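Breakdown of the fold
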Amino acid sequence: MTPQKRYRKHVALTDLQSRRLSELSDFDGTDPMEHAKRAIDEYLQKQKLDFTPPKENDIRAEFRDHSGDANIQGAFWVSGTVDKYEFSALILKLPSKLGIDKGKISKLSIWDPVVLNNTSNFTGSCIVNYDRGWDIKPSRIAEPYFNKVKALLVQSAEQFIKNRFLR
């Protein structure tokens, strides 16, 4: 028999849900946890869990805008799109120990603009957020988008820096 995984996350039930769960358990004599487990199992069976993330070669990323940062000499902000998501990043002139992989990317956010418009919650719409440290690490699904944006930024950072200082 395979041991069950235990998760440290807790689900908070509303008062109404707790009362209904108790009533159901009193009615049929089943443990309330058994009802909760069955409900969760039923929900998971209805979900589409066979999602596979896209391949990086199938993802399209491009810049939309870039501008210098007035507070940090030699740094600049870039923004763009990666498939249905948008991104914004702060690129430094020199690598930093606080950058992604100790590189020049100091800040990077990738978010879903539809979720942002519907919720007005920037953090809640992010699939990736790095601000001199990981706030939201890329999940297995978000990783191809993150890798595509990171490659684009690393590849283009030198070009942006040269263009900025040749003006």
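Heads up: the structure comes first, above all this text.
Described in the following lines is the structure provided in the data block. These figures come from a predicted structure and were not determined experimentally.

Each value, and the rule that gives it
- All residue numbers refer to position in the chain's written sequence, counted from 1.
- Local features in a predicted model are, by the rule used here, given only for residues with pLDDT of at least 70; side-chain atom pairs are given and counted only at 80 or more, and totals for whole chains, interfaces and linings are based on all residues.
- No hydrogens and no water enter the side-chain calculation; it runs on all heavy atoms of the structure.
- Each helix is a run of DSSP H or I of at least 4 residues and each strand a run of E of at least 2, with the numbering of both proceeding from the N terminus.
- The rule is simple: take the accessible area with a 1.4 Å probe, protein chains only, and divide by the maximum for that residue type; under 20% is buried, over 50% is exposed, in between is partly exposed.
- Only heavy atoms matter for contacts: two residues are in contact if any of them lie within 4.5 Å across the pair.
- Residue-level accessible areas treat just the shown protein chains as cover; the underlying method is Shrake-Rupley with a 1.4 Å probe.
- Side-chain atoms within 4.5 Å link the members of a nonpolar core, which is a set of buried Ala, Val, Leu, Ile, Met, Phe, Trp, Tyr and Cys residues.
- Salt bridge criterion: a side-chain nitrogen from Lys or Arg within 4 Å of a carboxyl oxygen from Asp or Glu.
- Working rule for helices: expected span equals 1.5 Å times residues minus one.

**Considerations on the overall build of the protein chain**
Within the protein chain, the regular secondary structure consists of five helices and six strands. Taken from the N to the C terminus, the helices and strands of the protein chain come in the order α-α-β-β-β-β-α-α-β-β-α. Taking all 167 residues of the protein chain together, 29% fall into the buried category. Expressed as a percentage of contacts within the protein chain between residues at least 6 apart in sequence, the contacts between residues at least 24 apart total 41%. Of the roughly 12,600 Å² that the protein chain leaves accessible, carbon and sulfur atoms contribute 51%.

**Observations regarding the nonpolar core**
Across soluble globular proteins, nonpolar side chains have a tendency to be buried as a group. Ranked by internal contacts, the top residues of the largest apolar core, which has 23 residues, are Val82, Phe87, Ile91, Leu108, Ile110 and Leu153. Going through the elements one at a time, strand 2 (76–82), strand 3 (85–91), strand 4 (105–111), strand 5 (126–131) and helix 5 (143–166) are the ones with two or more residues in this core. A total of six residues in this core trace back to one element, the largest contributor, which is helix 5. What Val82 contacts, discounting residues up to four positions off in sequence, is Ile59, Arg60, Ala61, Phe87, Ile110, Tyr145 and Val149.

**Comments concerning the pattern of salt bridges**
This structure, assessed with the given rule, holds five salt bridges. Glu86 is the salt-bridge partner of Arg64, the closest N and O atoms lying 4.0 Å from each other. In this pair, Arg64 sits in strand 1 (residues 61–68) while Glu86 sits in strand 3, placing the two residues 22 residues apart along the sequence. Judged by its relative accessible area of 22%, Glu86 falls in the partly exposed class. Across the salt bridge formed by Lys107 and Asp131, the nearest N and O atoms sit 3.8 Å from each other. On the criterion of sequence distance, the pair formed by Lys107 in strand 4 and Asp131 in strand 5 is long-range, its members being 24 residues apart.

**Remarks on helix 1 (residues 15–28)**
The terminal C-alpha atoms of helix 1, which comprises 14 residues, lie 20 Å apart, in line with the 20 Å expected from a rise of 1.5 Å per residue. Downstream of helix 1 by a residue or two, Gly29 has a phi angle that is positive, lying close to 75 degrees.

**Some remarks on unusual backbone geometry**
The phi torsion at Asp83 lies on the positive side, around 55 degrees, for a residue other than glycine. Using a relative accessible area of 37% as the deciding quantity, one classes Asp83 as partly exposed. Within the chain, Lys102 stands out as a residue other than glycine whose phi angle is a positive 55 degrees. By the secondary structure assignment, Lys102 is in the loop between strand 3 and strand 4.

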